[in-house]
Every structure is written in C-alpha cells, then in structure tokens.
Amino acid sequence: MDMVSFAGKSALIVEDDPTSMSYVSRMIVQVGFKSFGEAKDGSDALHLLDHNDYDVILCDISMDGMNGIEFVKEFKNNYRGRYAPNKVRTPVIFITSSRDPKVVEQAKLLGVKGYLLKPFGKDKLVQRLTVAGVHH
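Rules used in this analysis
Residues numbered from 1 in each chain as written. Predicted model: local features only at pLDDT ≥ 70, side-chain atom pairs only at ≥ 80, totals over all residues. Heavy atoms only, no water. Helix = DSSP H or I, 4+ residues; strand = E, 2+ residues; numbered from the N terminus. Rg over C-alpha atoms; globule rule 2.2 N^0.38 Å. Buried < 20%, exposed > 50% of the residue type's maximum accessible area, 1.4 Å probe, protein only. Contact = heavy atoms within 4.5 Å. Areas by Shrake-Rupley, 256 points an atom, 1.4 Å probe, with all protein chains shown as cover. Lys, Arg positive; Asp, Glu negative; His and termini not counted. Charge placed at Lys NZ, Arg CZ, Asp CG, Glu CD. Salt bridge = Lys/Arg side-chain N within 4 Å of Asp/Glu carboxyl O. Core = buried A, V, L, I, M, F, W, Y, C linked by side-chain atoms within 4.5 Å.

Quick notes on the overall build of the protein chain
Next up, step 1: Scanning the protein chain for helices and strands turns up 6 helices and 5 strands.
Next up, step 2: Secondary structure elements of the protein chain occur, N-terminal to C-terminal, as β-α-β-α-β-α-α-β-α-β-α.
Next up, step 3: Here the C-alpha atoms of the protein chain give a radius of gyration of 14 Å, agreeing with the 14 Å that 2.2 N^0.38 yields for 136 residues.
Next up, step 4: Each of the three principal axes of the protein chain carries a C-alpha extent, and together these read 40 × 30 × 25 Å.
Next up, step 5: Within the span of the protein chain, comprising 136 residues, buried residues form 44% of the whole.
Next up, step 6: For the protein chain, contacts bridging at least 24 residues in sequence account for 66% of all contacts bridging at least 6.
Next up, step 7: Entry remark: accessible area of the protein chain is about 7,200 Å², with carbon and sulfur atoms responsible for 49%.
Next up, step 8: Of the side-chain charges in the protein chain, 18 are positive and 17 negative, and the distance between the mean point of each set is 6 Å.

Quick word on the pattern of salt bridges
Pairs can form between side chains of opposite charge whenever their charged atoms are close.
Next up, step 1: Under the defined criterion, the tally for this structure stands at 4 salt bridges.
Next up, step 2: Lysine 118 serves as the salt-bridge partner of aspartate 60, at 3.4 Å between the closest nitrogen and oxygen. Taken as a pair, aspartate 60 in strand E3 (residues 56–60) and lysine 118 in the loop between strand E5 (114–117) and helix H6 (122–131) lie far apart in primary sequence, 58 residues in all.
Next up, step 3: Salt bridges linked by common partners bring Glu15, Asp60 and Lys118 together as one network.

Quick notes on the nonpolar core
Next up, step 1: Leu12, Val14, Leu49, Ile57, Cys59, Phe71 and Phe94 are the most contacted members of the largest nonpolar core, which has 23 residues in total.
Next up, step 2: Elements with a minimum of two residues in this core: strand E1 (10–14), helix H2 (42–51), E3, helix H3 (68–77), strand E4 (92–96) and helix H5 (101–109).
Next up, step 3: When residues in this core are grouped by element, the largest group, 4 residues, is from H3.
Next up, step 4: Residues contacting cysteine 59, with those up to four places away along its chain left out, are Val14, Gly68, Phe71, Val92, Ile93, Phe94 and Ile95.

Written out as structure tokens, the structure is:
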C-alpha cells in the first residue's frame, strides 16, 4: 500500500461504543494522524467543534443520544451560524455496521464523503480518507 501522508492532520471520532472508539482511534494513529478528539454522541461532537478544528470527522451512525444522521444534519445546516463556513465543509465519513442501502442513500443526501463498514482495515481507512480529500 502506498502510504498517503496524514501527518499533522487531526480527526474527530464520534462513537458511543468504547471498544469501537478504541479501535478507530488506534487506526487513526497508525495511518499517521497527529491528534484526534473523541465524542460519545452527536451533541458531544457539536460541543467539541465549538472550540476545535478537525481535518475529518469519523462518525458512527447508530448512537444513543444524538445519532450520526442527526449530528450531520445539525452540523451541515450550521444552525444559527454556529460555525464558520470552512468548518462546515469538514469532510464527514460514516462508520457503521449497517449494510442497509437506505443508510448509504441517506449519507449521500447529507453530503457525507463516504462510509466505512465495521470492522475495517487500514487500507480501507486510507482509501476513504484519500477520496474525501483529507491528505491535501
């Protein structure tokens, strides 16, 4: 695999399952990310985005509290101008165990840059990040 450089990049991981959070954060570090934030649901993620900038958001779809779909709607619609326009353009990649085509369709309608089916490996993660334009 050609290694795309993610050095100096940061990610926000939105995941309510501690095992999945640990797995995704390890993968992010393994592919070269400098730092990452952790949010347990969409609401937590919105609060982190109030004070932090990220190069990509990796977001589970099914979570207690504010789920991934609700989070992306709130974030992308930029409720009351909460975020600067460049922040709203941060690429979002869904991470999910669902193989339901309706989920994929909903992600496309929301402007999500892709999705990863759990469990995924480093190659698939790098591929999705590259397609989302994170390495530029």
